[in-house]
Amino acid sequence: MDGNSSRTMVSHGPWGHRLPWGLEALAMDQKSYRRGSFQSATSDEDMLEIAGASMDFSMADDDPPLDREMGAGFSSCNGAGMNSTSTMMDFLEEPLPGVGTYEDFNTIDWVREKSRDRDRHREITNRSKESTWALLHSVSDAFSGWLLMLLIGLLAGSLAGLIDISAHWMTDLKEGVCLAGFWFNHEHCCWKSNTTFTDRDKCPEWKSWSQLILGHGEGAFAYILNYFMYVIWALMFSLLAVLLVKGFAPYACGSGIPEIKTILSGFIIRGYLGKWTLLIKTITLVLAVSSGLSLGKEGPLVHVACCCGNILCHLFTKYRKNEAKRREVSYYFPLKTLWRSFFAALVAAFTLRSINPFGNSRLVLFYVEFHMPWHLLELVPFILLGIFGGLWGAFFIRSNIAWCRRRKTTRLGRYPVLEVLVVTAITAVLAFPNEYTRMSTSELISELFNDCGILDSSKLCEYVNDFNSTKGDDLPDRAAGPGVYTAMWQLALALIMKVFITIFTFGMKVPSGLFIPSMAVGAIVGRLLGVAVEQLAFYHHDWAIFSGWCSQGADCITPGLYAMVGAAACLGGVTRMTVSLVVIMFELTGGLEYIVPLMAAAMTSKWVADAIGREGIYDAHIRLNGYPFLEAKEEFSHKTRAMDVMRPRKNDTALTVITQDTMTVEDVENIVSSTTYSGYPVVVSRVSQRLVGFVLRRDLIISIDNARKKQDGIVSTSIICFTDYCPPLPPSSPSVLKLRSILDLSPFTVTDETPMEIVVDIFRKLGLRQCLVTHNGKLLGIITKKDVLKHIAQMANQDPESILFN
């Protein structure tokens, strides 16, 4: 990018977010912090993982007080670096390594990154006309995006299949082992067995731990041994998972979706999408799911896929050197990105289909095939399921956030390993006696979605059969048998357990998703309600509500459909998704025919949950952790102005500024060393306060350091000039340091009378880091993204200091 490209850029952030104290101290200890190359910190590939590190941003500051001391971090800049060479560096034409990059826990400059990409593309297009080699380079650059999508699809699909197959095998390992091959899970082990259909789960090749150790599987002692082995395996899996996360990749815990949303909005968390995080997240996700904890893998798979994309981006220059190109699906979604995303999903689906992790040659996790359509009157129970989903979602969010806040503010958070082991032990002890909690949550949901057939041996399908009325594969509504009533009681107990244990599980220091547990709660309630309506229709088919469409001997009610609708309702109540939720349910089940019941339940659950609390679970965790994320869906309706939010305020110290051509290198270094801002406004003079532009702190440090090393005559008394033409100086004066190339000449500005409603919309839609406030061209103050977040919290009657970087 040429030196003049900065004239068209809009800068977005003067004061970024300081490192947590542990990382800040580590950074300060590096001698290269001032004088070395900053190239290694230009991408999220920089893997700084500290054992035992936490996601605590309590010390991070977007705009610290004006009198805060930085400490000795920059003390070496004064009078140092006097070694010079005979070459004069032209800072206007030769970009310096590290200039224009971002430090950790900072927000990127969207407009500047977009301008860089346009300049890069324009330069490649112009050069393509000069030679064949340049033309080939232009073609490869245009094709690199599609190649990247191909690689992401292949890698993400392969990892998804590997995780699913491994989790299925290790889940079954808690109950027994396959003699034909220990790497087979229960289902695969019995594929070649000659057992009957009803005894397909009792094939001789699969042995429980009691059969393997004692030689038999019957009796109280065998039951106790199987119970003991189940708990021991669960504890081993969870212990290994939490130790790997704590020791190698602290960012691998949780679902990752709140952090992914924040990163896509422009915030930088180095290492969160790195190689170690991907490796540890993949391994520990299998361990956590296999341990039997009430969590899922779908949310963490989003984090895994984002890690794949970020790592593969570093193979291509245009993505490696541009932070916005890696995030272009957040603030804006160009059509070419839509097509490329579709292509990546196609490749991932093809890869997953080739692996066939579900063993049924299908791409969906819970394939359903219901034989009877739903009736219009069934919308009433479907809406009731939506109401339950909204109530459950609001209850879960409040309870889980309260528990996570207690974990962060008490001694409980100091013992993550102990917490994981205690929750795992309680879950395993309570889960084993009940067959519906002993099986994996995915298997439970699949069984609840199932439409009972003639050959089904599940307790949920033990009806009183009247084969005289059976026509083909369609079974009429029948009276429930003893097995159904037993299953209802067991499902009720499983519901109580999962409702409460999930509250304490989500947020622990292991990978944990929320899709599957939420769907399980809804599927249980839906199945219970479906069986109740089915029996009501069977015994009271002459009632007016049934007489028109459900006669005796007809197949009217499908309990599996109720389970599917209930799962969608509870998932919607927790995540507050609507359209995307219905699409996800299509993907998981393949049930495209039931769009209206799913939409009715999803919308009802959202309305009910929003009436209790506006935030979904991921937005609540973003606010709990204090991430700088501006929610685009919320409206700002307060009548405040920019002058009410900007700083400095009336009683504050004057705004720290740099003049365009009157300050020396030592003056600027003193400002940099005595403040912690991420950038400084440049004015004509301190008297006029006429705004010239904005310069980033990081660019200042790198440019001055390089000038001291490589440009003759640059000393502490050298004048720094941010203009094309510097004022005349006496002949004996030291050389002038021209830094116009790093000055943003078009920073985003608003007037002091601009309504905050407009300012908030500008920050949301443009992804600004900051905007400067002026009055008749005179600089008055600055509004940062943190100021906006604090103001929104204050207007919502929340403590602004308690929610930022907590």
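As shown above, the structure is provided for reference.
Below or above, wherever it landed, is the structure these notes cover. (Residues numbered from 1 in each chain as written. Predicted model: local features only at pLDDT ≥ 70, side-chain atom pairs only at ≥ 80, totals over all residues. Heavy atoms only, no water.)

1. What about the sheet that holds strand β11 (residues 778-784)?
Thought 1: An order of β9-β10-β11 is seen for the three strands of this open sheet, with the pairing classed as mixed. Looking at the sheet topology across the chains shown, the edges are occupied by β9 (749-751) and β11. Averaged over all pairs of adjacent strands, the angle between strand axes in this sheet comes to 35°, irrespective of strand direction.
Thought 2: Direction of pairing for β9 relative to strand β10 (residues 770-775): parallel, over a ladder of three bridges. Within β10, the residue paired with T749 across the bridge is L772. (Pairing = 2+ DSSP bridges. Helix = DSSP H or I, 4+ residues; strand = E, 2+ residues; numbered from the N terminus. Axes fitted to C-alpha atoms, helices over the stretch in contact; angles between N-to-C directions.)

2. Comments concerning the side chain of S294
Thought 1: Turning to its location among the elements, S294 is positioned in the loop between α9 (275-290) and α10 (298-313).
Thought 2: Overall, S294 belongs to the buried group, its relative accessible area being 3%.
Thought 3: Within the structure, S294 has its side chain in polar contact with the side chain of T502 (distance 2.7 Å).
Thought 4: Residues within four places of S294 in sequence aside, it is in contact with K498, I501, T502, T505 and P517. (Buried < 20%, exposed > 50% of the residue type's maximum accessible area, 1.4 Å probe, protein only. Polar contact = N/O pair within 3.5 Å; in protein donor to acceptor, adjacent residues only side chain to side chain. Contact = heavy atoms within 4.5 Å.)

3. A short note on empty space enclosed by the protein
Thought 1: Enumeration over the complete set of coordinates arrives at seven cavities of 30 Å³ or more.
Thought 2: Contributing to the lining of the second largest cavity are Y230, S291, G292, L293, S294, T424, T427, A428, A431, T437, M497 and K498.
Thought 3: Every element with two or more residues in the lining of the second largest cavity is listed here: α14 (416-431) and α17 (482-505).
Thought 4: Across the lining of the second largest cavity, the residue classes break down as five nonpolar, six polar and one charged. (1 Å grid on protein atoms, 1.4 Å probe; cavity = no way out; pocket = protein on both sides within 12 Å on 5 of 7 lines; lining within 4 Å. Points joined across faces, edges and corners; volume = space filled by probe spheres on them. Nonpolar A, V, L, I, M, F, W, Y, C, P; charged D, E, K, R; others polar.)

4. As for the pairing of β11
Thought 1: Most of β11 sits out of view: five of its seven residues are buried.
Thought 2: Hairpin geometry of β10 and β11 is characterised by an intervening segment of two residues between the two adjacent antiparallel strands and by a positive phi of about 55° at N776.

5. As for helix α4 (residues 132-173)
Thought 1: A rise of 1.5 Å per residue sets the reference length of α4, with its 42 residues, at 62 Å; its end C-alpha atoms lie 59 Å apart and thus fit the reference within 8%.
Thought 2: In α4, a bend of some 35° at S144 exceeds every other bend along the element.
Thought 3: Sitting at the amino-terminal end of α4 is S131, which places a side-chain oxygen 3.2 Å from the backbone nitrogen of A134. (Expected span 1.5 Å × (residues − 1). Bend = angle between axes of the 7 residues up to and from the residue.)

6. Topic: a nonpolar patch on the surface
Thought 1: A grouping of V380, I383, L384, I387, L391 and I612 is seen on the molecular surface, where their side chains present a nonpolar patch of about 480 Å² in accessible area.
Thought 2: Within the secondary structure, V380 sits in helix α13 (residues 379-409).
Thought 3: Since its relative accessible area comes to 51%, V380 is described here as exposed. (Patch = residues over 30% accessible without salt bridge, like charges linked within 9 Å, V, L, I, M, F, W, Y side chains within 5 Å. Areas by Shrake-Rupley, 256 points an atom, 1.4 Å probe, with all protein chains shown as cover. Salt bridge = Lys/Arg side-chain N within 4 Å of Asp/Glu carboxyl O.)

7. Points about the state of the cysteines
Thought 1: Using the criterion set out here, one finds three disulfides in the structure.
Thought 2: Across the disulfide from C190 sits C203; the S-S distance is 1.9 Å. The S-S bond linking C190 to C203 shows a torsion near -50°; that makes this disulfide left-handed. Linking C190 in the loop between α5 (186-189) and β2 (206-208) with C203 in the loop between α5 and β2, this pair joins segments that are 13 residues apart in sequence. (Disulfide = S-S within 2.5 Å.)

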